[in-house]
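# Examination of the molecular architecture
Chain residues, written in single-letter form:
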Amino acid sequence: MAFHLRVIHLLEYWAARLLLLGVDLLPPAAASRWAGWLGSLWWTADRPRRRVAISNILRAGVAGDPAAARAIGRAAARHMGTVLVESLKSALVLDDPDRVRVRIPDDVQAVLEDPDQGLIVVSGHFGNWELAGQWLSRYKPVAGISRPMNNPRVQELALSRRPRHGFRMIPKYDPDPGRFIKLLGDGEILALLVDQHARQGLDVPFFGHPAKTHTTAAMLHLVTRAPLCFATCRRAAPMTFELTLSPLIERQRSGERNADVEAILLALNGLLEEAIRRDPDQYLWGHRRWRRRTE
Amino acid sequence: MDGNGTSQILVRLRDVLRDSAVEERDWDAVAPETTIESLGFDSLTILDVLYDVEEEFGIALEPKQVVKTRTVGEIIGLLQQHGA
């Protein structure tokens, strides 16, 4: 690793340690405000990411003009700061039944209560997606698929601080190609986020514009026949959430693989769009979702 | 295992692998003793292949059984068990 990269990683690591110290020392409400302020600072400092976010918000049509888009973008940056604190202090939320209002349709509830049935739960970078995974782990073990962070020191720190319960993160890439299938066969929940640019994904409209979309969730449903649903965990008030699971999304195979996958992804993107339109300031807008083919 | 049946399934299986897999390789060299690991599938491409194998042979495999197989010959055995 190049020397300058090692220095940057070390600086990032100590910045993260400092952030965690603040989170640990402050009471939850103050820690949330502090993290929100840091999010706002990040919005001001990271010009390239800010431009991407404003462009995305305008393209999605959730803001009518650049000023409104900037306001949404800044609020969303504050939100992402508080997501970090809420995830680190999740026990306060998860142990208090008044902090999470839950809506689970009967068909999904039946799957959750059947120890032999695996479940594919899909979400996006909306609300507090990690809390959703942690809350659902009271029914079955939950494996959340994640891409490793670029900074291995920060990655190790983050993993050491994540509450365990029945929730664990598993890497996106692994030499064992059958591990997702095994996990679902063992009756576990596989949690995936489907709103990141997927270089080898399928072009599916997201807010009306084609976006390369990950096909794993849809393919797992089609091949393993494991039930599939969509989840959102929106912040209703500080440290208070509404966890909503959709009814099961089912697709009978037509024999046309791409058509089947596209139909499922359209349904999933539609549900995510609906959640974002309601609370655009709870979405991670800084990701380049509509990348051009060559990027 | 019927040798003629096995070779017919192998030919069809090679065609599926050729069409489904992203990676370019000499699929005609795939033999019953070829290991699944050597075919270079990842957690996504294995799903594409499974979908296409089921469609080609008109059967539904038990995914947990499939991921236990180690060679192409074992996959052929599974297909034969399911009536291929």
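Small disclaimer: the values here were computed from a predicted structure and weren't measured. (Residues numbered from 1 in each chain as written. Chains lettered and ligands numbered in written order. Predicted model: local features only at pLDDT ≥ 70, side-chain atom pairs only at ≥ 80, totals over all residues. Heavy atoms only, no water.)

Bringing the overall build of chain B into the picture now. Looking only at helices and strands, chain B has four helices and zero strands in total. Beginning at the N terminus, the succession of helices and strands in chain B can be written as α-α-α-α. The globule rule puts the C-alpha radius of gyration for 84 residues at 12 Å, and the 12 Å found for chain B is close to it. With the principal axes as the frame, chain B shows a C-alpha extent of 30 × 25 × 20 Å. Here chain B holds 84 residues, and the buried ones make up 51% of them. A total accessible area of about 4300 Å² is found for chain B, and carbon and sulfur atoms account for 48% of it. In chain B, which carries 7 positive and 17 negative side-chain charges, the distance between the mean positions of the two groups comes to 6 Å. (Helix = DSSP H or I, 4+ residues; strand = E, 2+ residues; numbered from the N terminus. Rg over C-alpha atoms; globule rule 2.2 N^0.38 Å. Buried < 20%, exposed > 50% of the residue type's maximum accessible area, 1.4 Å probe, protein only. Areas by Shrake-Rupley, 256 points an atom, 1.4 Å probe, with all protein chains shown as cover. Lys, Arg positive; Asp, Glu negative; His and termini not counted. Charge placed at Lys NZ, Arg CZ, Asp CG, Glu CD.)

Our focus in this paragraph is helix 2 (residues 45-57) of chain B. Residue and element names in this part refer to chain B. Compared with the 18 Å implied by 1.5 Å per residue over 13 residues, the 18 Å span of helix 2 between its first and last C-alpha is a close match. The complete set of buried residues in helix 2 reads Thr45, Ile46, Leu47, Asp48, Val49, Leu50, Tyr51, Asp52, Val53, Glu54 and Phe57. Count one or two residues on from helix 2 and you reach Gly58, which has phi positive near 65 degrees. (Expected span 1.5 Å × (residues − 1).)

For the rest of this paragraph, the subject is the interface of chain B and chain A. The partner chain A presents 23 residues to the 18 residues of chain B that form the contact. At the surface where chain B touches chain A, the tally comes to six salt bridges. For A:Arg253, the salt bridge goes to B:Glu55, with nearest N and O atoms at 3.0 Å. For the pair chain B and chain A, the number of links is 11 residue pairs in polar contact (both at pLDDT 80 or more). Elements supplying a minimum of two residues to the side of chain B that touches chain A: helix 2 and helix 3 (63-66) of chain B. Ranked by residue count, the leading element in the side of chain B that touches chain A is helix 2 of chain B, at eight residues. (Contact = heavy atoms within 4.5 Å. Salt bridge = Lys/Arg side-chain N within 4 Å of Asp/Glu carboxyl O. Polar contact = N/O pair within 3.5 Å; in protein donor to acceptor, adjacent residues only side chain to side chain.)

Let's shift gears to the layout of surface pockets. By volume, the second largest pocket is sized at about 480 Å³. Lining the second largest pocket are 23 residues; nearest its centre among them are A:Pro177, B:Ile36, B:Glu37, B:Ile46 and B:Thr69. Counting only elements with at least two residues in the lining of the second largest pocket, the list comes to helix 1 (3-20), helix 2 and helix 4 (72-81) of chain B. Here the lining of the second largest pocket takes four residues from helix 2 of chain B, the largest share from any one element. For the lining of the second largest pocket, the per-class residue count stands at 16 nonpolar, three polar and four charged. (1 Å grid on protein atoms, 1.4 Å probe; cavity = no way out; pocket = protein on both sides within 12 Å on 5 of 7 lines; lining within 4 Å. Points joined across faces, edges and corners; volume = space filled by probe spheres on them. Nonpolar A, V, L, I, M, F, W, Y, C, P; charged D, E, K, R; others polar.)

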